[in-house]
Amino acid sequence: MIRLLFFAPYPAMKERLARVLKAHPEAARLEATIVLNTVDQMPEVEAGRYDVVIARGYTALKIQKFYPTQPFIELSISGYDIVQAIARCTEQYHPKKIAICGFFSELYEVEEIARLFHVQAKVYQTKSYTELDATLRSAKDSGCEAVIGGYFIAQAAKALGLHATVIRAGEDNLLRAVNAAVSMADSMRAERVRAETYKTIIYTSRDGILFIDSQGIIQVRNHVIRDMLGGNIGLLYRPLAE
């Protein structure tokens, strides 16, 4: 089984992900835990329990910071997701100016795209959810009538009297993230098998084996080499030339 932990920032994403997992061709191999987790909450990842963790936005940043050794896939936000959000926002609220707010790694030409919907847009990028209140107040003061962003951002915007539209992760994006997680888990397991195979060969061989790195330093020696030298000479991490 491949054990996945998915942090979903809002209930609709959890439901959408459940559909993606159920229809996935590798569904029989997947054991997925889906946790609702807003950005003001600390994501909890039990060490060694999950093969891969999937998250987006601020939660993704926290996982990378506090669990640096945990295999991880970031759920990206596509340009199509943002275009859909702009379309829903303009259709529902008819704003003249909108703020697109949050942590995004890629936001190319989004302000130009907004003009296709006859609305002015300004991008506000933040590195931490603690900056959101000040950022949203700045957007409101600059004349923005509506905000487009993640679930937590939308809730904060509404609290300030602004209209808000959540950027929804499409099923295509969710599927790509699950596929990437499966590929990562399979690659890591294959690498562990290779490592164990090499280890078995090295330490059970009746022949002496040394592994020398590109700098000429001895990284591995088996018991045959050790016994040949009387067992008292430390070879590891020394230059072969010695």
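Quick note: structure is the one above.
Just so it is clear, the structure is predicted and the values come from calculations on it, not from any experiment.

Here is what the cut-offs are and how they apply
- Residues numbered from 1 in each chain as written.
- Predicted model: local features only at pLDDT ≥ 70, side-chain atom pairs only at ≥ 80, totals over all residues.
- Heavy atoms only, no water.
- Axes fitted to C-alpha atoms, helices over the stretch in contact; angles between N-to-C directions.
- Helix = DSSP H or I, 4+ residues; strand = E, 2+ residues; numbered from the N terminus.
- Parallel < 35°, antiparallel > 145°, perpendicular 65-115°, else oblique.
- Left-handed = near helix turned anticlockwise from the far one by under 90°.
- Contact = heavy atoms within 4.5 Å.
- Nonpolar A, V, L, I, M, F, W, Y, C, P; charged D, E, K, R; others polar.
- Disulfide = S-S within 2.5 Å.

Chemist: Please clarify how the packing of helix H1 (residues 11–23) against helix H7 (residues 171–204) should be interpreted in this entry.
Modeler: The axes of two packed helices give the description: the angle between them and the distance between them. Between H1 and H7, the shortest axis-to-axis distance is 10 Å and the interhelical angle comes to 60°. Regarding the angle of H1 to H7, the classification is oblique. Crossing of H1 over H7 shows right-handed handedness. When H1 is examined against H7, the residues Met13, Arg16, Leu17, Arg19, Val20 and Leu21 are found in contact with a partner set consisting of Glu171, Leu174, Leu175 and Val178. Tallied by class, residues from the contact of H1 with H7 come to seven nonpolar, no polar and three charged.

Chemist: Can you help me understand the side chain of Thr90 in this one?
Modeler: Positionally, Thr90 belongs in helix H3 (residues 79–93). For Thr90, the contacting residues outside a window of four places in its chain are Pro95, Phe117 and Val119.

Chemist: I keep staring at the state of the cysteines and nothing clicks. Help me out?
Modeler: The bond known as a disulfide is covalent and runs between the sulfur atoms of two cysteines. Taken as a whole and assessed by the stated rule, the structure comprises zero disulfides. Free of any disulfide, Cys89 has its nearest cysteine sulfur in Cys144, 10 Å distant. Left without a disulfide partner, Cys144 is nearest to the cysteine sulfur of Cys101, which lies 9.6 Å away.

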